[in-house]
Structures are given as structure tokens and as C-alpha cells.
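# Observations on the three-dimensional arrangement
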Amino acid sequence: AARSWPSRLAGSVQVAGFSGSGFSAHASGCGAVSFADRAGGAVRGTDGGADLIVVQGGLNDYDQPDTEIRAGFRRLMRELRGREVVVVGPASAPARGAAVRHVDALLSAMARQWGVPYVQTSELRLAYLPDRLHLTPAGHEVFGDYVQHQLDSRGLR
């Protein structure tokens, strides 16, 4: 965790990740672990509340129906209503191919509908582990630095 991309963000960062989770309810086979299912507890778990909620994902939604991704996004936005939120899209992991571009476009459109900033990362050239799905430590650095730059350039803290 100390070398993953969120460690590159400014300020005090609390990560509430869960392997395999995503926007849609069934991105993970582990039960109720979608972003919307976990967001409220994660935000309440921060000391004094979070100034900015950064939701990054979509890579695990690659095989989910659009209707499920949209429903999960809506549930998440309702859960985080009244908070400053930015959505960071999926990196273009080679193992997920064209599906990432589709999910990226869908999430970007949903973010516009909900009036939340969207950071597209699918065009970044990143280093991946041999599984072609997970970032190397160097890939995490590039990803995190890019996200921080995007937050800075939009005045998000």
C-alpha cells in the first residue's frame, strides 16, 4: 500500500480498496463490496470527514452490463451526495483490452450527468506486471503523479 498510486496524492490519504470491486454490484464475487456498498462506511471512518473523495475504478466492471454500471454509479453518487467527489477512470490494462475504453466512456458520461469531475487515465502509457492487469511500482508512480497533477490543475484538494 505504501507504494501504490494513492501514496502519490497530496495530503492525508485513506484508502478503502477491496480487490475485485467496482461500480456495479457484481464486479466482485465477494458479495456486497461495490463502491456504493462501501462508500458510506469509508467516509464515516475518516477523522473529521474527508475533504475530497477520490473514487478510482472501472477496470473490474469490464464484463458487466452497462445498466449495472450505471446503477452502481447512481447508488454511489447518492451515497456521497453533498461531498466533493472526483471519479478517476480505469487505466487501459492490456488484459482488459477494448472493454476498458467502453467502461471509460460510460463512466465519463455518468460523471458529466452527475456534475462531478472525471479524470481519464486510459490513455496513459503505464508499466504492467506480467499478468498485463496490475501496475508495476513504476506504473503506480506514473498513475498517481498524473492523478495528482489533474487534481491540482482543477483546484481539487
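Just above, that's the structure.
Cut-off values and rules
- Residues numbered from 1 in each chain as written.
- Predicted model: local features only at pLDDT ≥ 70, side-chain atom pairs only at ≥ 80, totals over all residues.
- Heavy atoms only, no water.
- Helix = DSSP H or I, 4+ residues; strand = E, 2+ residues; numbered from the N terminus.
- Rg over C-alpha atoms; globule rule 2.2 N^0.38 Å.
- Buried < 20%, exposed > 50% of the residue type's maximum accessible area, 1.4 Å probe, protein only.
- Contact = heavy atoms within 4.5 Å.
- Areas by Shrake-Rupley, 256 points an atom, 1.4 Å probe, with all protein chains shown as cover.
- Lys, Arg positive; Asp, Glu negative; His and termini not counted.
- Charge placed at Lys NZ, Arg CZ, Asp CG, Glu CD.
- Pairing = 2+ DSSP bridges.
- Right-handed = clockwise from strand over helix to strand, strands pointing away.
- Salt bridge = Lys/Arg side-chain N within 4 Å of Asp/Glu carboxyl O.
- Core = buried A, V, L, I, M, F, W, Y, C linked by side-chain atoms within 4.5 Å.
- Phe/Tyr/Trp six-rings, centres within 6.5 Å; stacked < 30°, edge-to-face > 60°.

From N to C terminus, the chain includes four helices and three strands. In sequence order, the secondary structure elements of the chain are arranged as α-β-α-β-α-β-α. Rg of the C-alpha trace for the chain: 15 Å, near the compact-globule value of 15 Å for 157 residues, within the 12% margin. The principal-axis extents of the C-alpha atoms in the chain amount to approximately 40 × 35 × 30 Å. Counting only residues that meet the buried cut, the chain has 45% of its 157 residues in that class. In the chain, once contacts between residues fewer than 6 apart in sequence are set aside, the share between residues at least 24 apart is 72%. For the chain, the computed accessible surface area is about 8300 Å², with 49% contributed by carbon and sulfur atoms. Where the 17 positive side-chain charges of the chain centre and where its 15 negative ones centre are 3 Å apart.

Okay, the pairing of strand β2 (residues 85-88) next. Side chains of β2 alternate between two faces, with V85 and V87 and V86 and V88 buried alike. Direction of pairing for strand β1 (residues 53-56) relative to β2: parallel, over a ladder of four bridges. Looking at the pairing, V54 lines up with V86 of β2. Following the backbone out of β1, through helix α2 (residues 66-79) and into the adjacent parallel β2, one traces a crossover that is right-handed.

What follows covers the pattern of salt bridges. Enumeration according to the criterion identifies two salt bridges in this entry. In this structure, the salt-bridge partner of R8 is D145, at a minimum N-O distance of 2.8 Å. With a gap of 137 residues between them, R8 in the segment before α1 (35-44) and D145 in helix α4 (residues 137-153) connect regions that are remote in the sequence. Residue D145 is classed as partly exposed on the basis of its relative accessible area, which comes to 37%. Linking R75 and D37 is a salt bridge whose minimum nitrogen-to-oxygen distance equals 2.5 Å.

Once that is clear, we can look at the nonpolar core. If you look at the biggest cluster of nonpolar residues, it comprises 21 residues, and the most contacted ones within it are F23, V55, F73, L76, L80, V85 and V87. Of all elements in the fold, only α1, β1, α2, β2 and α3 (97-114) reach the threshold of two or more residues within this core. It is α3 that provides the largest number of residues to this core, a total of five residues. Discounting residues that sit within four places of it in the chain, V55 has contacts with F23, F35, L76, L80, V85, V86, V87 and V88. Core analysis: the second largest hydrophobic core is formed by 19 residues, L52, A93, V119 and F143 among them.

Overall, the coordinates contain three aromatic pairs when judged by the stated rule. On the numbers, 4.8 Å between centres and 80° between planes, the contact of F23 with F35 is edge-to-face. Placement of the pair is F23 in the segment before α1 and F35 in helix α1, with a sequence separation of 12 residues. Residue F23 is classed as buried on the basis of its relative accessible area of 0%. Aromatic pair F23 and F73: ring centres 5.5 Å apart, planes at 25°, arrangement stacked.

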